[in-house]
Amino acid sequence: MNDKKIEPGATTRTPLNNCLDCGCKISAASTPDGRAGPPPTEGDLTVCIKCGAVMMLDRDLKVRGMTDAEIEELTSNRATMDELARMVRCIHLIRHRAN
Ligand SMILES: [Zn+2]
């Protein structure tokens, strides 16, 4: 059983926008581990909680696609890629269990 608790400051409200892949509404960004952290800023990666799409936040904290250069930089960072893969696997597992 997962007994992690979301700490205050772990979630930041964002302007209402939509996932670029599945179209679900997005109105918040949370830290990946549910612990309090710095608020999200432009250029931070974000993962859709519904479909696992990896996107980037723009200056208004709305999601946007990544440029080829950003994708190249991301895919060259092994630690970040491992963390993203772990998060996407968890999202897909949760989605599978919900269906
Ligand atoms: Zn999505």
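What you see is a predicted model, and the numbers here were worked out from it, not measured in a lab.

### Concerning the overall build of the chain
Then step 1. A count of helical and extended segments in the chain gives two helices and five strands.
Then step 2. From first element to last, N terminus to C terminus, the chain shows the α and β order β-β-β-β-β-α-α.
Then step 3. Computed over the C-alpha atoms, the radius of gyration of the chain is 14 Å, within 12% of the 13 Å expected from 2.2 N^0.38 for a compact globule of 99 residues.
Then step 4. Burial status across the chain gives 10% buried among its 99 residues.
Then step 5. The long-range share in the chain, meaning contacts at least 24 apart out of those at least 6 apart in sequence, stands at 53%.

### A look at the confidence of the model for the chain
Then step 1. Confidence along the chain averages 91 in pLDDT terms, with 95% of residues attaining 70 or more.
Then step 2. For the chain, the element scoring lowest by mean pLDDT is helix H2 (residues 78–98), at 91; strand S5 (residues 63–64) scores highest, at 98.

### Focus: the sheet that holds strand S4 (residues 54–57)
Then step 1. On the basis of which strands lie adjacent, the open sheet formed by three strands has the order S3-S4-S5 and antiparallel pairing. In this open sheet, the two edge strands, each paired with only one partner strand, are strand S3 (45–47) and S5.
Then step 2. Pairing analysis gives three bridges linking S3 to S4, with the strands arranged antiparallel. Across the sheet, residue Thr46 finds its bridge partner in S4, namely Met55.

### Observations concerning the environment of Cys24
Then step 1. Positionally, Cys24 belongs in the loop between strand S1 (11–18) and strand S2 (25–30).
Then step 2. For Cys24, a count of 12 C-beta atoms within 10 Å corresponds to the exposed category.
Then step 3. Between the C-alpha atoms of Cys24 and Gly65, which are 41 residues apart in sequence, the distance is 15 Å.
Then step 4. Ignoring anything within four residues of it in the chain, the contact list for Cys24 reads Asn18, Cys19, Cys48 and Lys50.

### Examining H2
Then step 1. Look at H2: 30 Å from first C-alpha to last across 21 residues, which is about the 30 Å you get at 1.5 Å a residue.
Then step 2. In terms of burial, H2 is a largely surface element, zero of the 21 residues being buried.

### Regarding the nonpolar core
Then step 1. In terms of nonpolar packing, the biggest core is built from six residues, these being Ile26, Val47, Cys48, Val54, Met55 and Val63.
Then step 2. Setting aside its immediate chain neighbours within four residues, Ile26 contacts Thr14, Asn17, Asn18, Cys19 and Val63.

### What to know about unusual backbone geometry
Then step 1. Backbone geometry places Leu61, a non-glycine residue, at a positive phi of 65°.
Then step 2. Tracing the backbone shows Leu61 in the loop between S4 and S5.
Then step 3. Of the residues examined, Leu61 has 20 C-beta atoms within 10 Å and is grouped as buried.

Analysis parameters
Every chain is numbered independently, its residues counted from 1 as its sequence is written. Predicted model: local features are reported for residues with pLDDT of at least 70 only, side-chain atom pairs are reported and counted for 80 or more only, and whole-chain, interface and lining totals are derived from all residues. Each helix is a run of H or I in the DSSP string that is no shorter than four residues. Each strand is a run of E no shorter than two, and both are numbered from the N terminus. A radius of gyration in this sense is built from C-alpha atoms; the matching globule rule multiplies 2.2 Å by the number of residues raised to 0.38. To sort residues by exposure, count the other C-beta atoms lying within 10 Å of each residue's C-beta; 20 or more gives buried, 12 or fewer gives exposed, and values between give partly exposed, all with C-beta atoms placed from the backbone. Once C-beta atoms have been placed from the backbone, residue pairs whose C-beta atoms lie within 7 Å are recorded as contacts. As a per-residue measure, pLDDT tells how confident the predictor is, with possible values from 0 to 100. Strands are labelled as partners when DSSP assigns at least two bridges between them. To estimate how far a helix should reach, multiply one less than its number of residues by 1.5 Å. Under the definition applied here, buried Ala, Val, Leu, Ile, Met, Phe, Trp, Tyr and Cys residues are grouped into a nonpolar core through C-beta atoms within 7 Å.

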